[in-house]
Amino acid sequence: MDTLIVNGSLITGDGITFLERASVRIRGSKIADVTTYQPAANEGERVIDANGSIIIPGIINGHAHGCIEGPSMPSGTAPCSTEDILYQRNRHLMSGTTTLLNVCGLATPDEIGRGELASHALDVQVTTAHTPSSIAAAQVSDGKGLAHHHLTATIDDMISLGARALGEAGGGQTLGGGAQDYRYLPQAIEAATGVAVHPKIARLFKEAVLGRRLDGSGAASSEAIDDLIHHYALENHLTVEGLRRIVVETVMPPVHLAMKGLEEIAVQSHRLRLAAIFHNAAPTASILVRLAETYPRARMIAGHSNHPMFLPDEAVATARLLKERGVTIDVSTLDCIATRWRNGPDNLDALAEADLIDTLSTDYAGGDWDTILSAIQRMISRKQMPAPRAIALATGNVASAIPELAGDRGFIDRNKRADIVICDAHNFAHVRHVIANGRLVVENSRIL
Ligand SMILES: [Zn+2]
């Protein structure tokens, strides 16, 4: 069996351990040994000298979309093209992710990817959200990717075929979240007026009409909505009533069904003791708290707890209530680190500073997601937490939260799967090499 030795400073993924001038010995697909010194290599053993860089476990991304061939998103939208899937997988891999849970939820495990996708170095797994109301919400909101076998699939069947967790329960399309802002609302406004609006404006309109909880609380007055329409110079295209109608008819049809879907997934998680990923945002926050109390054996993960529909203090208060009830608090990079097309880092910072984050993922953000290591670098440079703890958010902590996905990895330790990333010591977001399942797959930032 081939042996590969990686020498350098090491963060093991347990949230605490940092070893200087250590050595990792990889044999086949497994880590054979970790030493706190750098032994001489035997003949025929390949050595990667990463002294001066940092060695970390491969990133485990527990909440992503757009990496499988099946129906996309909790809305059951038509699948992404193979070209887009490859681009998205490569982007994850090059940024240090070696394991990814695609949480669209309505694809079947045999739709992860064939051909070129099947041999891709990024280990992609799927979830299941096949409950009656989740499927109905998808059909109402979009559903163009759903075939008969998706509509008749059951959670038990999908688990036996290899789905690793439940979810995503709810989603931006079905619960008035990001995909309404960047996709469905701009499309509806353009269809009605001929004018294309920026997603940020679509979100302002949505929240003015419906409030941030979609229940009318905090909705704007007619005068304030009229002012908004004038502010964006749309008075020749939109009336207050016209805008109200577009927003309500676009956003609301799947909302009630998707809310019911949340409870159905909690029931299944409680019954099967399986991890379940929930869409956590202002409209669903109080429901998730109730579900955590009602179904104590459910293994709930509150996805993107930094969702932009929250104000920072609401994101913190919600995360605290959920965490007290045993829920895992996941945050997502979205586009809020480097891209910032629609979202900013305030909620992420607030949750980090309140010490509430358990795990860190990307989510999708319309394909604009920023990398996990760029968020980790931000946390470290802002002194929100020490580097080993920040790294654990996307390695050891995910493995512990979803062992069905990553129980054999996430830590640099003997007998773990050899998923290893080497990144720059002064900017973890600069990934030099990636080893996946014992194989060097990214070398000097180039996919091999
Ligand atoms: Zn979501």
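Residues numbered from 1 in each chain as written. Predicted model: local features only at pLDDT ≥ 70, side-chain atom pairs only at ≥ 80, totals over all residues. Heavy atoms only, no water.

1. Details of the overall build of the chain
Moving on, step 1. A tally of regular secondary structure across the chain gives 16 helices and 16 strands.
Moving on, step 2. Compactness check: the chain gives a C-alpha radius of gyration of 22 Å against a globular reference of 22 Å for 448 residues, within 12% of the reference.
Moving on, step 3. For the chain, the spread of C-alpha atoms along the principal axes amounts to about 75 × 45 × 40 Å.
Moving on, step 4. Put simply, the chain has 448 residues, and 62% of those count as buried.
Moving on, step 5. At a minimum sequence separation of 6, the contacts of the chain that also span at least 24 residues come to 73%.
Moving on, step 6. Accessible area for the chain stands at about 17100 Å²; split by element, carbon and sulfur atoms hold 49% of it.
Moving on, step 7. In the chain, which carries 40 positive and 50 negative side-chain charges, the distance between the mean positions of the two groups comes to 4 Å. (Helix = DSSP H or I, 4+ residues; strand = E, 2+ residues; numbered from the N terminus. Rg over C-alpha atoms; globule rule 2.2 N^0.38 Å. Buried < 20%, exposed > 50% of the residue type's maximum accessible area, 1.4 Å probe, protein only. Contact = heavy atoms within 4.5 Å. Areas by Shrake-Rupley, 256 points an atom, 1.4 Å probe, with all protein chains shown as cover. Lys, Arg positive; Asp, Glu negative; His and termini not counted. Charge placed at Lys NZ, Arg CZ, Asp CG, Glu CD.)

2. Describing the state of the cysteines
Moving on, step 1. The tally for this structure, following the rule as stated, stands at 0 disulfides.
Moving on, step 2. As a non-bridged cysteine, Cys67 has Cys80 as the owner of its nearest cysteine sulfur, 8.2 Å distant.
Moving on, step 3. Judged by relative accessible area, which is 0%, Cys67 ranks as buried.
Moving on, step 4. Summary of cysteine pairing: Cys336 is not part of a disulfide, and the nearest cysteine sulfur, belonging to Cys67, is at 18 Å. (Disulfide = S-S within 2.5 Å.)

3. Here's the deal with the sheet that holds strand E2 (residues 18-27)
Moving on, step 1. A sheet is described by the order of its strands in space; here 8 strands give the open sequence E3-E2-E1-E4-E13-E14-E15-E16, paired in mixed fashion. The sheet terminates laterally at strand E3 (30-35) and strand E16 (446-447), the two strands that pair on one side only.
Moving on, step 2. With 8 bridges joining them, strand E1 (residues 3-11) and E2 adopt antiparallel strand pairing. Bridging from a neighbouring strand, Thr3 pairs with Arg27 of E2. (Pairing = 2+ DSSP bridges.)

4. Remarks on the coordination of the zinc ion
Moving on, step 1. Every protein donor of the zinc ion is accounted for by Glu168 (OE), His279 (ND1) and His304 (NE2), and the metal-donor separations fall at 1.8 to 2.4 Å.
Moving on, step 2. In the primary sequence, the donor residues of the zinc ion line up as E-x110-H-x24-H. Taken together, the residues span a long stretch of sequence, with His279 in strand E9 (residues 275-279) and His304 in the loop between strand E10 (299-303) and helix H11 (312-324) at a distance of 25 residues. For the pair His279 and His304, a shared accessibility class is recorded, and that class is buried. (Donors = N, O, S within 2.8 Å, 3.2 Å for Na, K, Ca; no water.)

5. Side note on the environment of His256
Moving on, step 1. Of note, His256 is situated in helix H9 (residues 255-272).
Moving on, step 2. Given a relative accessible area of 57%, His256 falls into the exposed group.
Moving on, step 3. Note: C-alpha distance between His256 and Thr174 (82 residues apart in sequence) is 8.9 Å.

6. Some details on the packing of helix H2 (residues 132-141) against H9
Moving on, step 1. At a minimum axis distance of 7 Å, the contact between H2 and H9 shows a crossing angle of 155°. Compared by their axis directions, H2 and H9 come out roughly antiparallel. Judged by the sense of rotation from one axis to the other, the crossing of H2 with H9 is left-handed. Side by side, H2 and H9 meet where Pro132, Ser133, Ser134, Ala136, Ala137 and Val140 of the first sit next to Leu257, Ala258, Lys260, Gly261, Glu264 and Ile265 of the second.
Moving on, step 2. In the contact of H2 with H9, the residues fall into 7 nonpolar, 3 polar and 2 charged. (Axes fitted to C-alpha atoms, helices over the stretch in contact; angles between N-to-C directions. Parallel < 35°, antiparallel > 145°, perpendicular 65-115°, else oblique. Left-handed = near helix turned anticlockwise from the far one by under 90°. Nonpolar A, V, L, I, M, F, W, Y, C, P; charged D, E, K, R; others polar.)

On their own, these measurements won't tell you what the molecule is for.
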